[in-house]
Each structure stands twice: as structure tokens, then as C-alpha cells.
Amino acid sequence: MVGFQPTKGFQLAEESGNPLVSPMADCKPSVNEERKRLYANKRGRKASVREEQDLLATFKAGADILEHLTKFNLLEKRVRMKMEIQKLVEYAKNLKPEDVEWKPLCPNDMPGNGLMGYAACLELPDGSGHRDYTILLQRKENGQGCTINEVELYVLFERSHPEQPGYGSFVRAFRTLDAAKARAVLQFQMVYGYAMSYLLDDK
């Protein structure tokens, strides 16, 4: 019986320098071709039934190893993905109102026209998600129906994607500016801190 000599497709991982090299990566010849190459001697002897069985067992072992490595790679990717999600969830949950930079909004972007509100973009560190928030000032009216400088309400809007018109969706009106800013952070956390955390529990 001619000894079995591994083909290129059965190259060991430590010899290839890549621990994830598939033992079946380059093994494309048909079983018949491999049978002829491995077991035919100088006299052209045909492979015996036992030799054919050994060869088929070798191919099956290679296929099993390939399946194992494929599952291992998928598991490794899943672990890495969960680690990245965990970082984003922790960032969102630890975000505080004082960490957010709010820019003043003026009519026609001209400070001389007065202050109409504030805007901020809350974004994940890797840029994979963000929300735009706008706080508009609703000023009080005097007895004649004219607005005065005193602010009556701080109206919060949230825009989850650029296609949303205007300032996005109305969230809520608040009596104080700090309360409106705190709610904007909470809105962001509900999506990227709490809702996203359910991905970590996915089995």
C-alpha cells in the first residue's frame, strides 16, 4: 500500500503560518483524481476497496475540520461584535447632560437676530449611530399678544435620520432648559444604552 502524502490542501496550520488555514482550502480535485494520484503505482495498480475507504475517510476528516474552523470563526466574530456593542452601550449609559455641547440657534444663523434655541448632535464614538436634538424657546406673550423675552417653555425635538423634515419629532416641552437637556440625553440612552443592550443577551 502506497503511503498517503498530503496535498497542498492538507497543509498544516503551523507550516502555513496561519492558524486558521483551512485543511480543505485548496483541495479541489475530485475523489477519482485523488484516488488515481495517491494509489496508482508504477504498474498502474488500481486502488483497493480498503484504500478507497481510507481516502474517503481522509476527505471526511478534512471536511469535519473545515466545518469546525468555520464555526470557530463565526463564534470569534460574534464575541468581538458583542465586545464592541458593550463599549457603545457603556458609553451611552455613562453619558451625562454636562458632557453634551449645545450650540445656540439664531434666526438665519445671525446672532444679532436673537436666540431661538439650542442644538446638539449626540453620536456614538465609532460614528455608527447618532441623534440630533433641538430645543426651541417658546416665549411668553403679554396682554396685547406680543411675545416678550421671558421664556415660557423649552420644546425638545429629536431627529433620528437626516430625511426627517424640520427639527424632527416632538418629544416634550419643559419648564427649564436643564430639564430639556437632560431629557435629550435620556432619549439617546434609551436607544443606544438600553435598547441596544438587548443584543448582548441574544443567545
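Residues numbered from 1 in each chain as written. Predicted model: local features only at pLDDT ≥ 70, side-chain atom pairs only at ≥ 80, totals over all residues. Heavy atoms only, no water.

Here we come to the overall build of the protein. The secondary structure content of the protein amounts to 4 helices and 5 strands. In the protein, which comprises 203 residues, the proportion classed as buried is 29%. Surface accessibility of the protein: about 13,900 Å² in total, with carbon and sulfur atoms responsible for 54%. (Helix = DSSP H or I, 4+ residues; strand = E, 2+ residues; numbered from the N terminus. Buried < 20%, exposed > 50% of the residue type's maximum accessible area, 1.4 Å probe, protein only. Areas by Shrake-Rupley, 256 points an atom, 1.4 Å probe, with all protein chains shown as cover.)

Once that is clear, we can look at the pairing of strand β3 (residues 130-141). It is a general feature of regular strands that their side chains alternate between the two faces of the sheet. Here strand β2 (residues 117-123) pairs with β3 via 7 bridges, running antiparallel. Counterpart to Y118 in the pairing with β3 is I135. Taken together, β2 and the strand that follows it, β3, pair antiparallel across an intervening segment of 6 residues, in which G127 is found at a positive phi of about 75 degrees. (Pairing = 2+ DSSP bridges.)

A separate point is the pattern of salt bridges. Throughout the structure, instances matching the rule amount to 4 salt bridges. Across the pair E84 and K87 runs a salt bridge, and its minimum N-O distance is 3.7 Å. Highlighted residues: E84 and K87, both in helix α3 (residues 49-94), separated by 3 residues, approximately one helical turn. For E84, a relative accessible area of 45% translates into the label partly exposed. Here R159 and D132 are joined by a salt bridge, their closest N and O atoms 3.7 Å apart. (Salt bridge = Lys/Arg side-chain N within 4 Å of Asp/Glu carboxyl O.)

It is worth spelling out the pairing of β2 at this point. Where strand β1 (residues 103-105) lies against β2, 3 bridges are found, and the strand directions are antiparallel. Residue pairing in the sheet places L105 in a bridge with G117 of β2.

The grouping of L75, V79 and M83 at the surface amounts to a nonpolar patch, some 290 Å² of accessible area in total. Tracing the backbone shows V79 in helix α3. Residue class for V79 comes out partly exposed when judged on its relative accessible area of 43%. (Patch = residues over 30% accessible without salt bridge, like charges linked within 9 Å, V, L, I, M, F, W, Y side chains within 5 Å.)

The next thing to look at is the nonpolar core. Within the largest apolar cluster, 24 residues are counted, with the highest numbers of intra-cluster contacts made by V100, W102, L122, Y133, I135, F188 and M196. Those elements that place two or more of their residues in this core are α3, β2, β3, β4 (147-159) and α4 (177-195). Ranked by the residues each element gives to this core, the list is headed by α4, at 6 residues. Ignoring sequence-local partners within four residues, the contact set of F188 consists of Y91, A92, L95, L122, E123, L124, H130, R131, Y133 and G193. (Core = buried A, V, L, I, M, F, W, Y, C linked by side-chain atoms within 4.5 Å. Contact = heavy atoms within 4.5 Å.)

Attention now moves to the confidence of the model for the protein. Low pLDDT means the predicted atomic positions in that stretch should not be read closely. For the protein, the average pLDDT comes to 75, and 61% of its residues sit at 70 or higher. Within the protein, strand β5 (residues 169-174) carries the highest mean pLDDT (96), whereas helix α1 (residues 13-16) carries the lowest (43). In this model residues 1-29 is a low-confidence stretch, pLDDT under 50, and it forms 47 contacts with partners more than four residues away in sequence or in other chains. (pLDDT = per-residue confidence, 0-100.)

All right, on to the sheet that holds β4 then. Taken in spatial order, the 5 strands line up as β1-β2-β3-β4-β5 in an open sheet, and their pairing is antiparallel. Bordering the open sheet on either side are β1 and β5, each of which pairs with just one other strand. Between one strand axis and the next, the sheet turns through 30 degrees on average, direction left out of account. Packed onto the sheet, α4 meets β2, β3, β4 and β5 and runs at close to 155 degrees relative to β3. (Axes fitted to C-alpha atoms, helices over the stretch in contact; angles between N-to-C directions.)

Let us now look at the packing of aromatic side chains. For the structure shown, the criterion picks out 3 aromatic pairs. A ring pair is formed by F157 and F170, whose centres lie 6.0 Å apart and whose planes are at 70 degrees; its orientation type is edge-to-face. With F157 in strand β4 and F170 in strand β5, this pair connects stretches of sequence that are 13 residues apart. Look at F157 and you get buried, because its relative accessible area is 17%. Note that K181 overlies the ring of Y118, its terminal NZ or CZ placed 5.4 Å from the centroid. (Phe/Tyr/Trp six-rings, centres within 6.5 Å; stacked < 30°, edge-to-face > 60°. Lys NZ or Arg CZ within 6 Å of the ring centre and 35° of its normal.)

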